[in-house]
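Here are the chains, one letter per residue:
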There are 2 protein chains.
Amino acid sequence: MTRSELFNSIRKKKSYLCVGLDPDIDRIPKFLLDYEDPIFEFNRAIIEATKDFCVAYKPNLAFYEAHGARGWESLQKTLQEIPEDILTIADAKRGDIGNTSGLYAKTFFQQLNCHAVTVAPYMGEDSVRPFLNFPGKWVIILALTSNRGAQDFQTMTLENSKTLYQQVIEKSRSWGTADQIMYVVGATRPQELVNIRTIIPDHFLLIPGVGAQGGDLKKISEAGLNNQCGILVNASRSIIYAAAGEDFAEAAGREAHRLQVQMAEILQHHTL
Amino acid sequence: MTRSELFNSIRKKKSYLCVGLDPDIDRIPKFLLDYEDPIFEFNRAIIEATKDFCVAYKPNLAFYEAHGARGWESLQKTLQEIPEDILTIADAKRGDIGNTSGLYAKTFFQQLNCHAVTVAPYMGEDSVRPFLNFPGKWVIILALTSNRGAQDFQTMTLENSKTLYQQVIEKSRSWGTADQIMYVVGATRPQELVNIRTIIPDHFLLIPGVGAQGGDLKKISEAGLNNQCGILVNASRSIIYAAAGEDFAEAAGREAHRLQVQMAEILQHHTL
C-alpha cells in the first residue's frame, strides 16, 4: 500500500485509527472458547464491527505465538479477513543480522502478506535494510515507545546532545523514504511529537498509548498531524475489550466509532 | 538450568560451544526435501552428530517462522530432540511492553520449554522484566552485536562518556542476577570483551561471530573467560553447512569436534 493510497483511505473514512488485534485467550468472551479457533472467531467479529471506522489493523505477534502453530494459523486466517484497502501491520518488533532480518521480512511481507512490520533499531542499519527491499511495503521503526522503560535508554542524551531516539530517527531516515519508513512514537508526551515533526515532517507516525495507556487524542493529534495526515493512532485494549459478554463486537464497534468521530472532528479543523 | 549445572556441563564436555540451528531451506541438502519435515530432519541429524561436542543449541526463530505454522512444529520437534542437559536458547530478540513481553516469556519458557531467550533492550526494563519471573530460565540481553550495524547506535557515546552498550549492561545487570541474565557480545573486538569483563566479571556471555563471521576463537576466549568459564561461543553456518551432500551431519560433527578440541585446549590453560 502506497502513502497516497493510505492517505486516500484516511480521507474517505475520516479516520486515522489503527485497531490493535491483541487477542488474549484469558480476556476474550468465554463463550468463544467453544469454537474451534476462538482467537480467529474473536478477531473476525472485531474486524467486522470496526472495519468502517479504522484504516489499519495491527496484530501483535506475541498473542499468536503464545499458541504455537495453531496461533500462526489463527493469524493467517485473521489477516485474510481484513479488507484489502486497510493497512495490515505485523507488530513483531523484529531486528537481527542481515540474512536473518531478510527471512523475517519474507515471512511478514510475503508469507503473511502484511503491508507493514514493526522493527527494533538496536542492531542498526543492516538489521533494518532487508525489510526495505519490498516495493509497497512499510518498515515501522521503534523510536520513542509509550512504556515506562522508554526512559531507560531511548531518552538518554548522547555526546552530540541528541537523545537516542532522535539519533535513531535522524540516522534511519536516510535508509529509505517517507514512502517506506514510519516510526513508532508513543503518545505520552505531545511536546516530543512536536520536536519529532521538526526532524521528519513527512513520515507517518504510528502512535500507541491512546486509550488504555492514557494519551489524549486531541493533543496528540494536533502535535503529530501533517498535511497528509501523517499519523496512525492505535488503540487495542480499549476497543477489543470494550465489553466482555456476547455484545463484545458491538461494543468494540461503538468504541472504534467514537474514536473515529473524534478523529473526523479533528481532521475537519486541520488543513490536509 | 542453573549456572552451576551449565558450568558442570562445560567441565564434563570440555566445551563451551553453542551450535546455532538456523536451517535455511535453500541451503540444506537437497535430498532432505523429500522428507515430510525437511527442517526437522536436518536438525535431528545435526543434533545427533554434534551433541557430544556442545553445551548449548540456539535455534534462531526467523528460520522457523519463515515456514509459518509448519515451522513452529519443526521447532517444537527439534527442541524435543535436544538432550536435557544441553542449554536451549530461543534466539528470538524479542522485547515489547510489559504484558506483551510476559506472553513472549510464556511462549518460549513454558510452551516451547527453552532454557533461555535473547531479548532486545531498546524498550527498557519493563520489556525485559517479565522474562525474569521464571526460575531456572535465562534472559540473554543484546549488548554488543557482531554485525556492522552495531556501530550505528550500540557504540555511540552517551553524555556520561559511556557507550550505549556499556550503559545497557550497567543498567540491566541490576534487573536480575548472574544466574538469570547473560549478554550477547559479538566476537569482533576482543578488547571490548576485556572492558565488558570489568563491568560484569561473573555473567555468562553469549558470543556470536566466530566461524562464518570471522572472529578468532583463542583471542576471544582469553578475553572473555572467567573462573566459571562464563562464555558460550556460538557457531552456526560454519558447522551446519560444513558440507552440502549426504555427509552433511558427519561434516557438521567434525567441525563441532574441531572447535571442541580447540576449546578443551584453551580451557586446559585457564584456571576454572
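Residues numbered from 1 in each chain as written. Chains lettered and ligands numbered in written order. Predicted model: local features only at pLDDT ≥ 70, side-chain atom pairs only at ≥ 80, totals over all residues.

## What about the overall build of chain A?
- Along the backbone of chain A there are 11 helices and eight strands.
- The C-alpha atoms of chain A give a radius of gyration of 18 Å, which matches the 19 Å a tight globule of 272 residues would have.
- Seen through its principal axes, chain A has C-alpha atoms that stretch 55 × 45 × 35 Å.
- Within chain A, the proportion of its 272 residues that are buried is 56%.
- Put simply, 70% of the contacts in chain A that link residues at least 6 apart link residues at least 24 apart. (Helix = DSSP H or I, 4+ residues; strand = E, 2+ residues; numbered from the N terminus. Rg over C-alpha atoms; globule rule 2.2 N^0.38 Å. Buried ≥ 20, exposed ≤ 12 C-beta atoms within 10 Å, placed from the backbone. Contact = placed C-beta atoms within 7 Å.)

## What to know about the nonpolar core
- Core analysis: the largest hydrophobic core is formed by 188 residues, its most contacted members being Leu17, Ile140 and Ile141 of chain A together with Leu17, Ile140 and Ile141 of chain B.
- Ignoring any residue separated from it by four or fewer positions in sequence, one finds isoleucine 140 of chain B in contact with Ile89, Ala116, Val117, Thr118, Val119, Met182, Tyr183, Val184 and Leu206 of chain B. (Core = buried A, V, L, I, M, F, W, Y, C linked by C-beta atoms within 7 Å.)

## Some details on the pairing of strand β3 (residues 87-94) of chain A
Residues and elements named next belong to chain A.
- Burial analysis of β3 places eight of its eight residues in the buried class, which makes it a mostly covered element.
- By the alternation rule, side chains of β3 split into Leu87, Ile89, Asp91 and Lys93 and Thr88, Ala90, Ala92 and Arg94, which are all buried.
- Of the strand pairs in this sheet, strand β2 (residues 56-59) and β3 are connected by two bridges, and their pairing is parallel. Its bridge partner being in β3, alanine 56 is matched across the sheet by leucine 87.
- Bridge analysis of β3 against strand β4 (residues 116-119) gives three bridges, and the strand direction is parallel. Bridged to isoleucine 89 within β4 is alanine 116.
- Regarding the hand of the β-α-β motif, the stretch spanning β3, helix α5 (residues 98-111) and β4 is right-handed. (Pairing = 2+ DSSP bridges. Right-handed = clockwise from strand over helix to strand, strands pointing away.)

## Description of the interface of chain B and chain A
- With 48 residues of chain B at the contact, the number on the chain A side is 48 residues.
- Breaking the side of chain B that touches chain A down by element, the ones donating at least two residues are α3 (62-65), α4 (68-81), β3 (87-94), α5 (98-111), α6 (125-128) and α7 (164-172) of chain B.
- For the side of chain B that touches chain A, the element with the most residues is α5 of chain B, which contributes seven residues.
- For the side of chain B that touches chain A, the class distribution of residues is 19 nonpolar, 17 polar and 12 charged. (Nonpolar A, V, L, I, M, F, W, Y, C, P; charged D, E, K, R; others polar.)

## Concerning the confidence of the model for chain A
- The share of residues in chain A with pLDDT of 70 or more is 98%, and the mean pLDDT across the chain is 95.
- The ipTM for the predicted assembly is 0.96, set against a pTM of 0.97. (pLDDT = per-residue confidence, 0-100.)

## Here we look at the sheet that holds β2 of chain A
Residue and element names in this part refer to chain A.
- The strand order around the closed barrel built from eight strands is β1-β2-β3-β4-β5-β6-β7-β8, with neighbouring strands paired in parallel fashion. Sheet twist, expressed as the average angle between the axes of neighbouring strands with direction ignored, equals 30°.
- Bridging between strand β1 (residues 17-21) and β2 involves four bridges; their strand directions are parallel. Within β2, the position partnered with leucine 21 by the bridge is proline 59.
- Packing of helix α11 (residues 248-268) onto the sheet brings it into contact with β1 and β8 (231-235), and relative to β1 it is tilted by some 155°. (Axes fitted to C-alpha atoms, helices over the stretch in contact; angles between N-to-C directions.)

## Some details on the pairing of β4 of chain A
All names here are of chain A.
- Where burial is concerned, the two faces of β4 agree: the one with Ala116 and Thr118 and the one with Val117 and Val119 are both buried.
- In this structure, β4 lies alongside strand β5 (residues 138-144), joined through four bridges in parallel fashion. Note that in β5 the partner of valine 119 across the bridge is isoleucine 141.

## As for the sheet that holds β3 of chain B
Residue and element names in this part refer to chain B.
- An order of β1-β2-β3-β4-β5-β6-β7-β8 is seen for the eight strands of this closed barrel, with the pairing classed as parallel. Neighbouring strand axes in the sheet, compared pairwise and without regard to direction, differ in orientation by 30° on average.
- As paired elements, strand β6 (residues 181-185) and strand β7 (residues 205-207) share two bridges and run parallel to each other. Residue pairing across strands places tyrosine 183 opposite leucine 205, the latter belonging to β7.
- Of the strands in this sheet, β5 (138-144) and β6 are in contact with α7, which crosses β5 at around 155°.

## With respect to the relation of the copies chain B and chain A
- When chain B is brought onto chain A, the operation consists of a screw motion whose angular component is 180° and whose axial shift is 0.0 Å, with 0.0 Å RMSD remaining. Given the turn and translation reported, the copies of this chain are related as if by a two-fold rotation axis.
- Looking at chain B, 100% of its interface residues are interface residues in chain A too, so the copies touch through the same face. (Least-squares fit on C-alpha atoms with pLDDT ≥ 70 in both.)

## Remarks on α5 of chain A
- Taking 1.5 Å as the rise per residue, α5 of chain A with 14 residues should run 20 Å; its terminal C-alpha atoms sit 19 Å apart, in good agreement.
- Taken together, the buried positions of α5 of chain A are occupied by Thr100, Ser101, Leu103, Tyr104, Ala105, Thr107, Phe108 and Phe109 of chain A.
- The inward-facing, buried residues of α5 of chain A abut β3, β4 and α6 (125-128) of chain A together with α3 of chain B.
- Asparagine 113 of chain A lies just past α5 of chain A and shows a positive phi near 60°. (Expected span 1.5 Å × (residues − 1).)

## Things to note about helix α8 (residues 190-199) of chain B
Residue and element names in this part refer to chain B.
- Looking at α8, one finds that the buried residues are Glu192, Leu193 and Ile196. Each buried residue of α8 sits inside an arc of 105° when the element is viewed along its axis, so together they form one side. The exposed residues of α8 that point more than 90 degrees off its buried face are Gln191, Val194 and Thr198.
- Buried residues belonging to α8 abut β5, α7, β6 and α9 (217-224). (Arc of directions from axis to C-beta.)

## Focus on the packing of helix α8 (residues 190-199) of chain A against helix α9 (residues 217-224) of chain A
Residues and elements named next belong to chain A.
- α9 packs onto α8 with a crossing angle of 15° between their chain directions and a minimal axis gap of 8 Å. One finds that α8 runs roughly parallel with respect to α9. Crossing of α8 over α9 shows right-handed handedness. Between α8 and α9, the residues in contact are Pro190, Leu193, Val194 and Arg197 and Lys219, Ile220, Ala223 and Gly224, respectively.
- Residues of the contact of α8 with α9, tallied by class, amount to five nonpolar, one polar and two charged. (Parallel < 35°, antiparallel > 145°, perpendicular 65-115°, else oblique. Left-handed = near helix turned anticlockwise from the far one by under 90°.)

## Observations concerning the packing of helix α2 (residues 38-50) of chain B against helix α11 (residues 248-268) of chain B
Residue and element names in this part refer to chain B.
- Contact geometry of α2 with α11 gives a least axis separation of 8 Å together with a crossing angle of 40°. When the axes of α2 and α11 are compared, the pair comes out oblique. Note that α2 runs across α11; the crossing there is right-handed. Packed against α2, whose contacting residues are Ala45, Ile46, Glu48, Ala49 and Thr50, the element α11 presents Ala249, Glu250, Ala252, Gly253 and Ala256 at the interface.
- Residues of the contact of α2 with α11, tallied by class, amount to six nonpolar, two polar and two charged.

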